[in-house]
Amino acid sequence: MSRDLDIKVHHLTRVEGHGNIVVNMKDGVLEKAHLSIVEPPRFFEAMLKGRSFHEAAIITSRICGICSLGHQLTSLVTTEDALGLEVSEQTVLLRKLLVHGATLQSNILHAYFLAAPDFLNVGSVFPLIATHKDVVLRALRMKRLANDIADIVSGRAVHPITPVPGGFSRIPEKAELLEIKRKLLEEGLPDGLETIETMKALAGAIPQFERETEYVSLKHPDEYALYQGDIFSSDSGAIPVSSYLDVTNEFVVNHSTSKHAKYNRNSYFVGALARWNNNHAQLGEEALAAAEAIGLKPKCFNPYMNTIAQVVEAVHCILDSVRIIDKLIEMGLKNEKPNQTPTRYGRGIGSNEVPRGILFHDYTYDNKGNILQANCVIPTGQNLANIDNDMMKLVPEIVDKSKEEITLNLEMLVRAYDPCISCSVHMLEVDFIE
Amino acid sequence: MAALTVIGVGSRLRGDDAIGPLLIDALSDQTHSQIELVDAGSDALGIIEYFQGRDHVIVVDACQMGRDAGCIEEIDPTQIDLVIKDDPVSLHGLGLAEAIKMAESLQMLPEDLKIIGIEPESIQFNSSLSVPVQRALKKAVKIVHTELNRVKQLAEA
């Protein structure tokens, strides 16, 4: 093979020129294949400095409309770790319910609005509205259900207000939770199972590509880890969250303004597929049956299957939400006040699984409860090196295809990871003809 | 039910992009049982839910229109070409234009939908509203009041 290839995909995102795929092959030798991304959440650190522990979670939740809850809850557990604030079992359960809602929403939107158009080769979700209106409506219905969970538990769907350090400023009513349970069972579950059928029908279009890598996620002793746990690597096993810097090992590369990360190898994978590979045995039987039906094997090394792992997780989130609501009601909802009396000041480290993978916040507080220093390591940054390594293996394997097909395969690869790039700016562009 | 729904879109942390949520704040400081206020934050796709069952809706957002900073345009979205990013790499690429187009294709647009677009000066993280956009905020509040009167007159007619 002595092919020359020169692919540059600009404007992968709405942020000016950032997020480019660059592939360079000369005489059949791949010289370059990478993705460069600007990572706006890096500005976290500056925004958090000097803020009080009451403000930190509110600020982080406003960084991004799609990742808001993940940042908020991770900020809360970090602050609680730093200030020695214990939270109740009820708080933990309500937070887990929120995590399920957020994971459901993000996973479903990703599968239907980004991945499905790729599998159907229609370019975007818009042609699907004409041809598969019921499917688009189903996606919006599931988004709505997820928003309803967030509305009732957190006070507001987009930028939650009731989750505060030490607990919740408002506890939902029993009747509200029962209404959510009804919707989860009557609408959510059938929609979730139909989603599995829809994705199964499209799965033939998923590129056959495998690259075994290191998979990093949280691991919890009692459940499929989404809210807290230990860090777990498929290569080296468990390590406490407090040692996260030994895992992330961020480093700078020339082609990206965002740092890359590596642990035991030169890259690792975070996200739904990493969670699946590390923790699938802890899913319930319905989610496992869904995985089997859709062809997701217990160990899966195809990064494009991340989308499939996401829809399996969606089924899990729906059913586990019902379990959590039952438990909350069985325990009896208590109108508890949040515990906001610090027992210490200093450094705290927190981690949760957000839809795109494992997220770390790390704050140091002064003795007035204001942040001296903050560090946040987001999933997309951790995946960048792995995406580059996927590209380096993928391009030679598909080099006989047309340049357009290669480009599409690379874009689909990037989309499979659903990178968080243009967080939070939703500017409308209007061209006036004058 | 409220006569008019006003939805503010944007991030409070990104300078002039905060105009949508800040307009919602400004309106909520006044007494408006006739206006339903929604701070959609930066989840633009979420606004579709607020289109259902409403006749009169205003969406307020920072808009790149090639105008001077602080310039306000009242836009009928069915009468202009929205710049659609039909190849987003991430969910973060689905913004207001995409949400409106999706609602239009699904026949979910409210009968009377208006966008109040405000040209930003800066949308850098961790900055506050620019002076031109601060002025625009006051004008936008007046525009909402004018719209409320128009909607009420329509209802009476």
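Each residue is numbered by its place in its chain's sequence as written, counting from 1. Labels follow written order: the first chain is A, the first ligand is 1, and so on. With the structure being a predicted model, the display of local features is reserved for residues of pLDDT at least 70 and the display and counting of side-chain atom pairs for 80 or more, all residues being used for whole-chain, interface and lining totals.

Asks: Hey, could you go over the overall build of chain B for me, with residue numbers and the actual values?
Replies: Labels follow the DSSP assignment, with helices taken as runs of H or I lasting at least four residues and strands as runs of E lasting at least two, numbered in each case from the N terminus. From N to C terminus, chain B includes 3 helices and 5 strands. Beginning at the N terminus, the succession of helices and strands in chain B can be written as β-α-β-β-β-α-β-α. Note on method: radius of gyration uses C-alpha positions; expected globular size equals 2.2 Å times residues raised to 0.38. For 157 residues, the compact-globule estimate of 2.2 N^0.38 gives 15 Å, and chain B sits close to it at 15 Å. A principal-axis box enclosing the C-alpha atoms of chain B has dimensions of 45 × 35 × 25 Å. With C-beta atoms placed from the backbone, a residue is buried if 20 or more other C-beta atoms are within 10 Å of its own, exposed if 12 or fewer are, and partly exposed between those counts. A burial count over chain B gives 52% of its 157 residues as buried. Placing a C-beta atom from the backbone of each residue, one calls two residues in contact when those atoms lie within 7 Å. The long-range fraction of contacts in chain B, counting pairs at least 24 apart against all pairs at least 6 apart in sequence, stands at 77%.

Asks: Account for the overall build of chain A, with residues named and values stated.
Replies: Along the backbone of chain A there are 13 helices and 13 strands. A principal-axis box enclosing the C-alpha atoms of chain A has dimensions of 70 × 60 × 50 Å. Residues classed as buried in chain A amount to 55% of the 434 residues present.

Asks: Talk me through the sheet that holds strand β7 (residues 230–233) of chain A; I want residue IDs and the actual numbers.
Replies: All names here are of chain A. We call two strands paired when DSSP finds no fewer than two bridges between them. The 4 strands are arranged β8-β7-β6-β9 in an open sheet whose pairing can be described as mixed. Among the strands making up the open sheet, the edge pair consists of β8 (237–239) and β9 (268–269). Two elements, strand β6 (residues 214–219) and β9, share 2 bridges in a ladder whose sense is parallel. Bridge pairing links Tyr215 to Phe269 in β9. Axis lines are fitted through C-alpha atoms, for helices just across the contact stretch, and the angle between N-to-C directions can take any value from 0 to 180 degrees. In the packing of helix α9 (residues 272–279) onto the sheet, the strands contacted are β6, β7 and β9, and the crossing angle to β6 comes to about 75°.

Asks: Tell me about the nonpolar core, and please be specific about residues and values.
Replies: Working definition: the nonpolar core is a set of buried Ala, Val, Leu, Ile, Met, Phe, Trp, Tyr and Cys residues, joined through C-beta atoms within 7 Å. Counting residues in hydrophobic clusters, the biggest one holds 172 residues, and the most contacted among them are Leu98 and Val312 of chain A together with Val6 of chain B. Looking at this core, the element that brings in the most residues is helix α4 (residues 89–119) of chain A, giving 15 residues. Among residues more than four places away in sequence, those in contact with Leu98 of chain A are Leu69, Leu73, Ile149, Ala150, Val153, Ser154 and Pro163 of chain A.

Asks: Break down helix α2 (residues 96–105) of chain B for me, with residues and values.
Replies: All names here are of chain B. Burial within α2 is extensive, with 7 of its 10 residues counted as buried. For α2, every residue scored as buried is listed here: Leu96, Ala97, Glu98, Ala99, Ile100, Met102 and Ala103. Count one or two residues on from α2 and you reach Gln107, which has phi positive near 55°.

Asks: Please set out the environment of Asn147 of chain A residue by residue, giving values where relevant.
Replies: All names here are of chain A. Along the chain, Asn147 falls in helix α6 (residues 133–154). For Asn147, a count of 20 C-beta atoms within 10 Å translates into the label buried. Distance in space between the C-alpha atoms of Asn147 and Lys183 is 12 Å, their sequence separation being 36 residues.

Asks: Explain the sheet that holds strand β11 (residues 357–365) of chain A to me, using residue names and the numbers behind them.
Replies: Consider a sheet: its strands pair through backbone hydrogen bonds, and that pairing is either parallel or antiparallel. Residues and elements named next belong to chain A. In space, the 3 strands of this open sheet follow the order β10-β11-β12, with antiparallel pairing throughout. At either margin of the open sheet sits one strand with a lone partner, and together these are β10 (347–354) and β12 (371–377). On average, each strand axis in the sheet is inclined to that of its neighbour by 15°, with strand direction left out of account. The strands touched by helix α3 (residues 68–83) within the sheet are β10 and β11, with β10 carrying the most contacts at an inclination of about 150°.

Asks: Any details on the environment of Arg12 of chain B? Residues and values, ideally.
Replies: Residue position: Arg12 of chain B is located in the loop between β1 (4–9) and α1 (19–28). When the 22 C-beta atoms within 10 Å are taken as the criterion, Arg12 of chain B is described as buried. Each C-alpha atom of the pair Arg12 of chain B and Gly117 of chain B lies 16 Å from the other, and the pair is 105 residues apart in sequence. Apart from the residues lying within four places of it in its own chain, the contact partners of Arg12 of chain B are Arg62 of chain A together with Ala18 and Pro21 of chain B.

Asks: Could you give an account of the confidence of the model for chain A, with specific residues and numbers?
Replies: Here chain A averages 89 in pLDDT, and 91% of its residues register 70 or above. Known as pLDDT, the predictor's per-residue confidence is scaled from 0 to 100. Low pLDDT, under 50, characterises residues 422–434 of chain A; the predicted model gives this stretch 53 contacts beyond four residues in sequence or across chains.

Asks: I'd love a proper account of the packing of α4 of chain A against α6 of chain A, names of residues and values included.
Replies: Residue and element names in this part refer to chain A. At their nearest, the axes of α4 and α6 sit 9 Å apart, and the two run at 160° to each other. In terms of orientation, α4 and α6 fall into the roughly antiparallel class. Between α4 and α6 the crossing geometry is left-handed. In contact with Leu94, Leu97, Leu98, Gly101, Ala102, Leu104, Gln105, Ile108, Leu109, Tyr112 and Phe113 of α4, α6 contributes Val135, Ala139, Met142, Lys143, Ala146, Asn147, Ile149, Ala150, Val153 and Ser154. Relative orientations are named as follows: roughly parallel for angles under 35 degrees, roughly antiparallel for angles over 145 degrees, roughly perpendicular for angles from 65 to 115 degrees, and oblique for any other angle. Take the far helix as the reference: if the near one is turned anticlockwise from it by less than a right angle, the crossing is left-handed, and if turned clockwise, right-handed.

Asks: Which residues make up the packing of α1 of chain B against helix α3 (residues 131–156) of chain B, and what values go with them?
Replies: All names here are of chain B. Running from N to C, α1 and α3 point in directions that differ by 55°, and their axes come no closer than 10 Å. It follows that α1 is oblique to α3 by the angle criterion. In this structure, α1 meets α3 at a crossing whose hand is right-handed. Together, Ile19, Leu22, Leu23, Ala26 and Leu27 of α1 and Val133, Leu137, Ala140, Val141 and Val144 of α3 make up the contact between the two elements. The classification used treats Ala, Val, Leu, Ile, Met, Phe, Trp, Tyr, Cys and Pro as nonpolar, Asp, Glu, Lys and Arg as charged, and all other residues, Gly among them, as polar. Broken down by class, the residue content of the contact of α1 with α3 amounts to 10 nonpolar, no polar and no charged.

Asks: Mind laying out the environment of Val270 of chain A, listing which residues take part and the relevant values?
Replies: All names here are of chain A. Within the secondary structure, Val270 sits in the loop between β9 and α9. Its 29 C-beta neighbours within 10 Å are what place Val270 among the buried residues. The spatial distance from the C-alpha of Val270 to the C-alpha of Glu397 is 24 Å, given a sequence separation of 127 residues. When residues no more than four places from it in sequence are discounted, the contact partners of Val270 are Val216, Ser217, Gly357, Ile358, Pro379, Gln382 and Asn383.

Asks: Before we move on, can you summarise helix α13 (residues 403–417) of chain A with the specific residues and values?
Replies: Given 3.6 residues per helical turn, the α-helix brings residues three or four places apart onto the same face. All names here are of chain A. Expected span of a helix, by definition, is 1.5 Å for each gap between consecutive residues, and there is one gap fewer than residues. Under the 1.5 Å per step criterion, the end-to-end length of α13 is 22 Å for 15 residues, consistent within 8% with the ideal 21 Å. Buried positions along α13 lie against β2 (20–26), β3 (29–36), α4, α11 (306–331) and α12 (379–397). Once α13 ends, the next one or two residues include Asp418, with phi positive near 45°.

Asks: Please set out the pairing of β7 of chain A residue by residue, giving values where relevant.
Replies: Side-chain direction in a regular strand flips from residue to residue, so the side chains alternate between the two faces of the sheet. All names here are of chain A. The pairing of β6 with β7 spans 4 bridges and is classified as antiparallel. In the sheet register, Leu218 faces β7, and the bridge partner there is Ile231. Between β7 and β8, which pair antiparallel and follow one another directly, the connecting turn spans 3 residues.

Asks: Give a description of the confidence of the model for chain B that names residues and reports values.
Replies: Detailed reading of predicted coordinates is not advised where the pLDDT is low. With 92% of its residues at a pLDDT of 70 or more, chain B shows a mean pLDDT of 87. Listed scores for the predicted complex are pTM 0.91 and ipTM 0.85.

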